[in-house]
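The residues making up each chain are set out below.
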Amino acid sequence: MSPRPLASVDPATTELRVERPFTPPPEPAEIARVGEALARLAPALDAFVAGHALGPFPPYVPGPHAPGTGALPDDGVGLDATIEELSHLVADGGRISAPGFLGFITTGASTAPALAHAAAAVAGGQRYLVHAFNAVEHSSLRWLAELCGLPSGVVGVYTSGGSTANLLALGAARQSAFERLGVDAAEVGLSPGVRGRIYASSLAHRTIHRAAAVLGLGREAVASIPVDTDGRILLDELEAAMREDAAEGIVPIAAVAIAGTTDTGSVDSISDVVDIARRHDSWVHVDGAYGLIANASPELSRLFDGVDAADSWIVDPHKWLATGVGIGAVFVRDEEVLTRAFAEGDAAYLEGSFHEDTAAAGSQFDMLAGRWADQSVELSAPPRGVAVWAILREIGRAGVVARVERHVAFAREVAGRARSHPRLELLMEPQLSVVCFRYVPPAGIDADVVNRTILDRLRRETPLAPSSTIVDGRVALRPCFINPRTTEREVADLVDLAVRFGDEFAGA
Ligand SMILES: *Cc1c(COP(=O)(O)O)cnc(C)c1O
């Protein structure tokens, strides 16, 4: 259909003839009725939360109601049918927030952060323009830093998770190391012939390696330092590796101390890593994606001695704070080096949005809410801090400490039962809320096969879903307790069922 001309000239009279005024087609999306729509989804949300405690975790098979699996719709179904279809999606949703889901280090949002996500989606706007959500983003970052025991004055940025947070921290470390060689790596790239190294234990999360790849250092630039029987980086091995590299002219980019390894929940001796790194003039990064929040507990804080002496830190609110997936945070001591590493540079399209002084601004669009857009790989981003703010407002420091200590007690409970049971074996004393144990079959039966079978049966047949890892070459059952909905019942059932399935396999 060719557009109708709005006006034309009458060839006879040469008069301008105005056609009837342009009426644009109506917006097809519903742009109001938010509360009503939420209320109509609410029963499905409540049923999900109430029901997901029950039953095993069968594989997802799209049912007859499964919406959105066909072809791209030519005509939309409208809001009402979309709410209906969303309700079905909720019912069949991912159940990582079920109390028996104990796998990896992940869980869903509790109520207040979930609500905060909804609020931010409706009223949040952009994080780089000034509005209420960004004000609470600033305070939630400050609160997080305080909970984690970081020095006052550190600057934080929210990210999509630990992967990006590690990338930002190591990007700042790379910038700092190359600047000391007289090279602005963010501006001109890496100097050919200069080799950089990141030091981390063999239990380092692979996102460290990926960050090294993205930063142009290469995955091979990550030195894998062996660990002791508690999963902590071996300090003399770290010292030796840094010394040997220095002799070869390899530039130390960062020494990583892991505050809670993903496999075993081990916390490196941070103060020793700091001492060694300082002797070699290296940046120190603390990967606390999972465990750093446990420093809020007075009972556990001795594990984190020296944490305030590092240069950068990450922590994932979407892990132990259960804010819902998509929220990590990075903190740095030197804001300027992070900014030099990640600044976008001047842009005409941001011209006029730089008033530091609120009084000088004519509107909220005349100001930036922070320097986040220049301290990250994201310009547009949701105001993630509101979900962190919501949980910290709801439960406070005491609530965080209570949650962490309860979960650590769960891990110790499993450890105690595994230690005292004749057919279970504790593979590593838990330091945080991850615990690695296994069933020990009679001689002649492959223990790895039995434990893989136990894991498979737990996930297939029961409402319990731990994951696994390898400890010292042995397959381990590996529950991780971070889920606010998990209770003592899941803890007891996990051990009992592991024994039962092991016995059935072994014919005991
Ligand atoms: C989970 C985790 C990461 C990665 O975080 P994502 O949020 O999954 O991207 C990095 N380091 C450690 C120690 C982790 O446990």
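Note: the structure precedes this text.
Notes on the structure in this doc start here. These numbers were taken from a predicted model, which means no experiment stands behind them. (Residues numbered from 1 in each chain as written. Predicted model: local features only at pLDDT ≥ 70, side-chain atom pairs only at ≥ 80, totals over all residues. Heavy atoms only, no water.)

1. Points about the packing of helix α11 (residues 385-420) against helix α13 (residues 488-506)
Moving on, step 1. Axis separation between α11 and α13 bottoms out at 10 Å; the angle between their running directions is 25 degrees. Here α11 is positioned roughly parallel relative to α13, judged by the angle of their axes. Of the two possible hands of crossing, α11 and α13 adopt the one that is right-handed. Side by side, α11 and α13 meet where F410, E413, V414 and R417 of the first sit next to E488, V491, A492, V495 and D496 of the second.
Moving on, step 2. In terms of residue class, the contact of α11 with α13 is made up of five nonpolar, no polar and four charged. (Axes fitted to C-alpha atoms, helices over the stretch in contact; angles between N-to-C directions. Helix = DSSP H or I, 4+ residues; strand = E, 2+ residues; numbered from the N terminus. Parallel < 35°, antiparallel > 145°, perpendicular 65-115°, else oblique. Left-handed = near helix turned anticlockwise from the far one by under 90°. Contact = heavy atoms within 4.5 Å. Nonpolar A, V, L, I, M, F, W, Y, C, P; charged D, E, K, R; others polar.)

2. Some remarks on the site of the ligand
Moving on, step 1. Inspection of the region around the ligand gives 15 residues, with G162, S163, D287, D316 and K319 positioned closest.
Moving on, step 2. Between D316 and the ligand, the recorded distance is 2.6 Å, taken from a side-chain N or O atom to an oxygen atom.
Moving on, step 3. For the ligand, whose unbound accessible area comes to 380 Å², protein coverage reaches 87%.
Moving on, step 4. In terms of residue count, the dominant contributor to the shell around the ligand is helix α5 (residues 162-180) (three residues).
Moving on, step 5. Tallied by class, the residues present in the shell around the ligand amount to three nonpolar, nine polar and three charged. (Near = heavy atom within 4 Å. Polar contact = N/O pair within 3.5 Å; in protein donor to acceptor, adjacent residues only side chain to side chain. Areas by Shrake-Rupley, 256 points an atom, 1.4 Å probe, with all protein chains shown as cover.)

3. A word on the nonpolar core
Moving on, step 1. If you look at the biggest cluster of nonpolar residues, it comprises 105 residues, and the most contacted ones within it are I293, F304 and F331.
Moving on, step 2. A per-element tally of this core places α11 first, with ten residues. (Core = buried A, V, L, I, M, F, W, Y, C linked by side-chain atoms within 4.5 Å. Buried < 20%, exposed > 50% of the residue type's maximum accessible area, 1.4 Å probe, protein only.)

4. What about the pattern of salt bridges?
Moving on, step 1. Scanning all chains against the criterion turns up 30 salt bridges.
Moving on, step 2. For R232, the salt bridge goes to D230, with nearest N and O atoms at 3.7 Å.
Moving on, step 3. Overall, the relative accessible area of 29% leaves D230 in the partly exposed class.
Moving on, step 4. A salt bridge links R489 to D493, with the nearest nitrogen and oxygen atoms 3.5 Å apart. A residue pair is termed a helical-turn pair when its members lie 3 or 4 positions apart in one helix, as R489 and D493 do in helix α13 at four residues.
Moving on, step 5. A cluster of three or more residues bridged by salt bridges with shared partners is formed by E30, R33, E36, R40 and D80. (Salt bridge = Lys/Arg side-chain N within 4 Å of Asp/Glu carboxyl O.)

5. Looking at the sheet that holds strand β6 (residues 222-225)
Moving on, step 1. Read from one edge to the other, the open sheet built from seven strands follows the order β4-β10-β9-β8-β7-β5-β6, with strand pairing classed as mixed. Only two strands of the sheet have a single partner each, and these edge strands are β4 (155-159) and β6. Strand-to-strand twist in this sheet, taken as the mean axis angle between neighbours without regard to direction, amounts to 20 degrees.
Moving on, step 2. Bridge count between strand β8 (residues 283-287) and strand β9 (residues 312-315): three bridges; the pairing is parallel. (Pairing = 2+ DSSP bridges.)

6. A closer look at the environment of I314
Moving on, step 1. Tracing the backbone through its elements, the reader meets I314 in strand β9.
Moving on, step 2. Here I314 falls in the buried class, since its relative accessible area comes to 0%.
Moving on, step 3. Sequence separation of I314 and R206 is 108 residues, and the distance between their C-alpha atoms is 15 Å.
Moving on, step 4. Dropping the residues within four chain positions of it, I314 is found in contact with G162, A165, N166, A169, H285, V286, D287, G288, A289, L292, A329 and V330.

7. Some words on the environment of A498
Moving on, step 1. By the secondary structure assignment, A498 is in helix α13.
Moving on, step 2. For A498, a relative accessible area of 0% translates into the label buried.
Moving on, step 3. Here the alpha-carbon distance between A498 and T453, two residues 45 residues apart in the chain, equals 9.8 Å.

8. Topic: α5
Moving on, step 1. Over its 19 residues, α5 extends 27 Å from the first C-alpha to the last, a length consistent with the 27 Å expected when each residue adds 1.5 Å.
Moving on, step 2. Taken across its 19 residues, α5 has 16 buried, putting it largely inside the fold. (Expected span 1.5 Å × (residues − 1).)

9. A look at the pairing of β4
Moving on, step 1. The buried fraction of β4 is high, at five of five residues.
Moving on, step 2. In β4, alternate side chains face the same way, and those of V155, V157 and T159 on one face and G156 and Y158 on the other are all buried.
Moving on, step 3. Sheet analysis places β4 next to strand β10 (residues 328-332), joined by five bridges and oriented antiparallel. In the strand pairing of β10, V157 is matched with V330.

Purely geometric numbers; function is a separate question.
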